[in-house]
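Below, each chain spelled out in residue letters.
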Amino acid sequence: MPVASYPNLGTFSEAEQQLINEVGKGAEADLHQTQSLGGGEGRQAVSAGVIRMLCLGQHPEGRQLGHVRVIGAQIKGPLHVARAYLPIPLRFTSCTFEEALDLSDARASQPIEFIDCDLPLLTAHRLESRADVVIERVRLPGTLALAGAEIAGDLRV
């Protein structure tokens, strides 16, 4: 059931609203869910547009964001933050990105972390990071492209 909306993103799903609320409170957003049939864990889907908005430090209610920490989300659509400024720490743990992630020409002043995620493709040509970039235990059947990237912190792959 949709619960809220934001210009250019339409109406938020319940999972997206949960993500927005948790990140707005400074908490980790754990989007694992237990499915009623079979009892296995599933992932709640959120649009790449909502993730992008949060990565840029924007919140629909104008809240100041300290970080974005997402656990167990299924991220639908391509996540393009190319040529963007990423002002807050970003951590994605056990997330599935359905489409490519593009960080080309982005500038980050805080750490960017992908831990135990599924990424079909990660492009970060000319990424400028003043902090760590972590890509650990990531299943990446496509390319990891970092040509021309400048990372002042540690690069952990």
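None of these values were measured; they are calculated from a predicted model.

### Concerning the overall build of the chain
Logical step 1: Broken down by element type, the chain carries two helices and 20 strands.
Logical step 2: For the chain, the proportion of its 157 residues judged to be buried stands at 42%.
Logical step 3: Of the contacts formed within the chain by residues at least 6 apart in sequence, a portion of 33% connects residues at least 24 apart.
Logical step 4: When the accessible surface of the chain is totalled, it reaches about 7600 Å², and 46% of it is carbon and sulfur.

### Let's talk about the packing of aromatic side chains
Logical step 1: Counted according to the given criterion, the structure contains three aromatic pairs.
Logical step 2: Aromatic pair F92 and F114: ring centres 5.5 Å apart, planes at 10 degrees, arrangement stacked. With F92 in strand β10 (residues 90–93) and F114 in strand β14 (residues 112–115), this residue pair connects regions lying 22 residues apart in the sequence. F114 shares its class with F92; the two are buried.

### Things to note about unusual backbone geometry
Logical step 1: Located in the positive-phi region is D105, a residue other than glycine, with phi close to 60 degrees.
Logical step 2: With a phi angle near 60 degrees, R126 is a residue other than glycine that sits in the positive phi range.
Logical step 3: Counting through the fold element by element, R126 comes out in the loop between β15 (122–123) and β16 (128–129).
Logical step 4: Residue classification places R126 among the partly exposed positions, given a relative accessible area of 43%.

### Quick look at the environment of V81
Logical step 1: Topologically, V81 is positioned in the loop between β8 (79–80) and β9 (85–86).
Logical step 2: For V81, a relative accessible area of 2% puts it in the buried group.
Logical step 3: Separated by 20 residues in the primary sequence, V81 and L101 have C-alpha atoms spaced 7.9 Å apart.
Logical step 4: Setting aside residues up to four positions removed in sequence, V81 forms contacts with R52, L86, D102, L103 and A106.

### As for the side chain of Q44
Logical step 1: Examined against the element boundaries, Q44 turns out to sit in strand β5 (residues 41–47).
Logical step 2: Judged by its relative accessible area of 16%, Q44 falls in the buried class.
Logical step 3: In contact with Q44, not counting residues within four places along its chain, are A15, Q18, L31, H32, Q33, G72, A73 and Q74.

### Some thoughts on the packing of helix α1 (residues 14–24) against helix α2 (residues 48–55)
Logical step 1: At their nearest, the axes of α1 and α2 sit 11 Å apart, and the two run at 10 degrees to each other. Between α1 and α2, the angle is such that the two are roughly parallel. Mapping the contact onto sequence places E16, L19, I20 and V23 in α1 and V50, I51, M53 and L54 in α2.
Logical step 2: Residue composition of the contact of α1 with α2, grouped by class: seven nonpolar, no polar and one charged.

Reading the values: the criteria
Residues numbered from 1 in each chain as written. Predicted model: local features only at pLDDT ≥ 70, side-chain atom pairs only at ≥ 80, totals over all residues. Heavy atoms only, no water. Helix = DSSP H or I, 4+ residues; strand = E, 2+ residues; numbered from the N terminus. Buried < 20%, exposed > 50% of the residue type's maximum accessible area, 1.4 Å probe, protein only. Contact = heavy atoms within 4.5 Å. Areas by Shrake-Rupley, 256 points an atom, 1.4 Å probe, with all protein chains shown as cover. Phe/Tyr/Trp six-rings, centres within 6.5 Å; stacked < 30°, edge-to-face > 60°. Axes fitted to C-alpha atoms, helices over the stretch in contact; angles between N-to-C directions. Parallel < 35°, antiparallel > 145°, perpendicular 65-115°, else oblique. Nonpolar A, V, L, I, M, F, W, Y, C, P; charged D, E, K, R; others polar.

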